[in-house]
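Residue-level structure breakdown
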Protein chains: 2
Amino acid sequence: MLISNIEFFYDFGSPKSFFVHKLLPNIAKKYNVEVIPKPILLGGVFKLTNNQSPMETFKDVKGKKEYENQETTRFVKRYNLAFQWNPYFPVNTIGVMRGAIYTNKKDFGDLYTETIFQAMWVDQKKMDDPTVISETLTAAGLPTEEIMEATQTPIVKAGLIDATNHAVARNIFGAPTMFVGNEMFFGKEGLDEIDFLLSNQ
Amino acid sequence: MLISNIEFFYDFGSPKSFFVHKLLPNIAKKYNVEVIPKPILLGGVFKLTNNQSPMETFKDVKGKKEYENQETTRFVKRYNLAFQWNPYFPVNTIGVMRGAIYTNKKDFGDLYTETIFQAMWVDQKKMDDPTVISETLTAAGLPTEEIMEATQTPIVKAGLIDATNHAVARNIFGAPTMFVGNEMFFGKEGLDEIDFLLSNQ
């Protein structure tokens, strides 16, 4: 199989999507493959697959949350990532994900993605507040008005729904999820698996 | 911190405990540290922590089981492990775990552990059936009668309960779980983390 790209399904509200957003490009570069960003609404995926966030799933399990925090701290340190838990977590991401659908094919798409991830998981902004979103976009030099208006259009709203349905049709149940060809990888653990796969092609 | 050992909490009924049983010794050997086996009853841990098996937790999530199987297949291939799903899974492991408590400090402890893991996750034996357990022990040259009788003694029964309570007191909620000093690692993903930790000491 000749591998030319990695599809990366993400939601800004998922901290592990942030980790993959930060680390996957280095792996892709090493093997000269492209990362194709695929914005989806994780809340929609959860409804369609009868899944929920790990926080919800394990909320009554003694010791689990403490371990997840410990493991996340180790991961962030190991890979030298700027990361802060968002105090507003879980954040309703429908606005910023619609923005990702709109900007995905624009030449400022990468800047948008980086800006929102940074605001959410480094700068601890409340990214379901339109005023905060607007300020964040403007500070980054993005076309705020154009993006904010686009997120209210039926075509962008439908685009996010379609992208989410499409993800579930490919057996995605959470985020981050990556595809290399037909091979699916879930979670930040997929990074090492993808590196191994590409090193053996 | 001078690291001299890795504590390995396991239950024979957990396929990922089997993976760690197979792969952790190589990592330990590389850094000249000892693996200390810590048998526990996973069903007991689940009751005490309000946890359950991933199979139960995610049984209604579309796509999750298929992904877990795909990911397990990749893992087994990558690390060249002989592994077959056990057709009797989930198996009640109280008998074989009591055997592990009894044999743990004996000079045939390692042979017992290897024998039961092999029977469960390579040879697809029904390891909650005393006849099958006895045949398996005898075929491996283990003292079948001594072990089977020991598993019926109050001291061994209490030993497994104590070990399980002790694990939960250390914030263990599942298996496999490893400790390096006070640092806890859960799941087969802990292998890579431990390797990284030991490589940096």
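Small disclaimer: the values here were computed from a predicted structure and weren't measured. (Residues numbered from 1 in each chain as written. Chains lettered and ligands numbered in written order. Predicted model: local features only at pLDDT ≥ 70, side-chain atom pairs only at ≥ 80, totals over all residues.)

1. A few points about the sheet that holds strand β2 (residues 34–39) of chain B
Residue and element names in this part refer to chain B. The following threshold applies: The criterion for strand pairing is that DSSP finds at least two bridges linking the strands in question. Numbering of helices and strands starts at the N terminus; helices are DSSP runs of H or I of at least 4 residues and strands are runs of E of at least 2. To obtain each axis, a line is fitted to C-alpha atoms, and for helices this fit is confined to the stretch in contact; angles are then taken between N-to-C directions over 0 to 180 degrees. By definition, residues are in contact whenever their C-beta atoms, placed on the basis of the backbone, come within 7 Å of each other.
Taken in spatial order, the four strands line up as β2-β1-β3-β4 in an open sheet, and their pairing is mixed. Two strands lie at the open edges of the sheet, namely β2 and β4 (183–186), each paired on one side alone. Neighbour to neighbour, the strand axes of the sheet diverge by 20° on average, direction disregarded. Both strand β1 (residues 5–10) and strand β3 (residues 177–180) contribute to a ladder of three bridges, which runs antiparallel. Within β3, the residue paired with phenylalanine 8 across the bridge is methionine 178. Seen against the sheet, helix α1 (residues 15–30) touches β1 and β2 and runs at an angle of roughly 170° to β1.

2. Considering the confidence of the model for chain A
The condition that has to hold: Known as pLDDT, the predictor's per-residue confidence is scaled from 0 to 100.
Here chain A shows a mean pLDDT of 96. Residues at 70 or above account for 100%. With pTM at 0.95, the complex prediction returns an ipTM value of 0.93.

3. Here we look at the interface of chain B and chain A
What counts, and what does not: Three residue categories are used. Nonpolar comprises Ala, Val, Leu, Ile, Met, Phe, Trp, Tyr, Cys and Pro, charged comprises Asp, Glu, Lys and Arg, and polar comprises the others, including Gly.
On the chain A side, the residues contacting the 23 residues of chain B number 23 residues. Listed by contribution, the elements that provide at least two residues to the side of chain B that touches chain A are α4 (64–78), β4 and α10 (190–199) of chain B. Here the element with the most residues in the side of chain B that touches chain A is α4(B); it accounts for six residues. Classifying every residue of the side of chain B that touches chain A by side-chain character gives seven nonpolar, seven polar and nine charged.

4. Notes on the packing of helix α2 (residues 42–49) of chain A against helix α9 (residues 154–169) of chain A
All names here are of chain A. We apply this condition: Angular relationships are summarised with four words: roughly parallel below 35 degrees, roughly antiparallel beyond 145, roughly perpendicular across 65 to 115, and oblique for the angles in between. Handedness of a crossing is defined here by the sense of rotation of the near helix relative to the far one, left-handed for an anticlockwise turn of less than a right angle and right-handed for a clockwise turn.
Packing of α2 against α9 leaves a shortest axis separation of 9 Å and a crossing angle of 45°. One finds that α2 runs oblique with respect to α9. As for the relative orientation of α2 and α9, their crossing is right-handed in sense. Taking contact as the criterion, the partners of Gly44, Val45, Leu48 and Thr49 in α2 are, on α9, Thr164, Ala167 and Val168. When its residues are assigned to classes, the contact of α2 with α9 shows four nonpolar, three polar and no charged.

5. Points about the environment of A:Ser14
All names here are of chain A. Tracing the chain through its elements places serine 14 in the loop between β1 (5–10) and α1 (15–30). Sequence separation of serine 14 and serine 134 is 120 residues, and the distance between their C-alpha atoms is 21 Å. Beyond its immediate sequence surroundings of up to four residues, serine 14 is in contact with Leu42, Ala175 and Pro176.

6. A short note on unusual backbone geometry
Residues and elements named next belong to chain A. Cis rather than trans, the peptide bond between phenylalanine 89 and proline 90 has omega equal to -5°. For proline 90, the location among the structural elements is in the loop between α4 (64–78) and α5 (94–103). In the segment running from alanine 175 into proline 176, the intervening peptide bond is cis, with an omega of 0°. Here proline 176 is to be found in the loop between α9 and β3 (177–180). We note that asparagine 32 has phi near 60°; this positive angle belongs to a residue other than glycine. Counting through the fold element by element, asparagine 32 comes out in the loop between α1 and β2 (34–39).

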